[in-house]
Amino acid sequence: MLVRAAEKSDVPELLDLYQHLSPGDASPELADAERIFDQLSAYSGSMIALCEVDGTIAGSCVLVVVPNLTRGGRPYALIENVVTHRDFRRRGIGRQILDFAVNAAWQAGCYKVMLMTDSTRPETHAFYRSAGFEPSKTGFQKRQLEARREA
């Protein structure tokens, strides 16, 4: 098991993995996905963390480090798109990916790391608590009309 930052060559396999997050979700064309990967990588400290098992990407999450003018100028981080391939679940992969991402956020000088989930499953909430995250804020979101129809 190897946890590391994704490279551009991982993009095709990541697109396949995301079907385990949102089955049937539209994927961007490969060239667009690679361009988006480059955009994400341009943000200092930001990355896609992934776990490889026997050469297969078994899970990942996105870490975005956000510059900030409060807290003495220390950035904060957001974690999104936490996913483990269904064939690799319940092996501690998600926890290792989150630990890797959180440690990267601390190394980037972040004062906090946040994540949100739309899951209502108690076991999902228990997983995030076991990884050290606490339910501490109320989340709100606003989606474009088109995105609301797809959700």
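Note that the coordinates shown come from a computational prediction; the quantities given were computed from them, not determined experimentally.

**Observations concerning the overall build of the protein**
From N to C terminus, the protein includes five helices and five strands. Of the regular secondary structure in the protein, the N- to C-terminal order runs β-α-α-β-β-β-α-β-α-α. The C-alpha atoms of the protein give a radius of gyration of 15 Å, which matches the 15 Å a tight globule of 151 residues would have. Along the first, second and third principal axes, the C-alpha atoms of the protein reach 40 × 35 × 35 Å. Out of the 151 residues belonging to the protein, those deemed buried represent 36%. Within the protein, counting contacts between residues at least 6 apart in sequence, those at least 24 apart form 59% of the total.

**A word on the packing of helix 3 (residues 93-107) against helix 4 (residues 122-130)**
Contact geometry for helix 3 and helix 4: axes closest at 10 Å, N-to-C directions at 45 degrees. Classified by the angle between their axes, helix 3 and helix 4 sit oblique to one another. Along this stretch, helix 3 crosses helix 4, giving a crossing that reads as right-handed. Residue-level inspection shows G94, R95 and L98 of helix 3 in contact with helix 4, the latter providing F127, Y128 and S130. Here the residues of the contact of helix 3 with helix 4 sort into three nonpolar, two polar and one charged.

Conventions we followed
Residues numbered from 1 in each chain as written. Predicted model: local features only at pLDDT ≥ 70, side-chain atom pairs only at ≥ 80, totals over all residues. Heavy atoms only, no water. Helix = DSSP H or I, 4+ residues; strand = E, 2+ residues; numbered from the N terminus. Rg over C-alpha atoms; globule rule 2.2 N^0.38 Å. Buried < 20%, exposed > 50% of the residue type's maximum accessible area, 1.4 Å probe, protein only. Contact = heavy atoms within 4.5 Å. Axes fitted to C-alpha atoms, helices over the stretch in contact; angles between N-to-C directions. Parallel < 35°, antiparallel > 145°, perpendicular 65-115°, else oblique. Left-handed = near helix turned anticlockwise from the far one by under 90°. Nonpolar A, V, L, I, M, F, W, Y, C, P; charged D, E, K, R; others polar.

Such coordinate-based values are descriptive only and should not be taken to indicate function.
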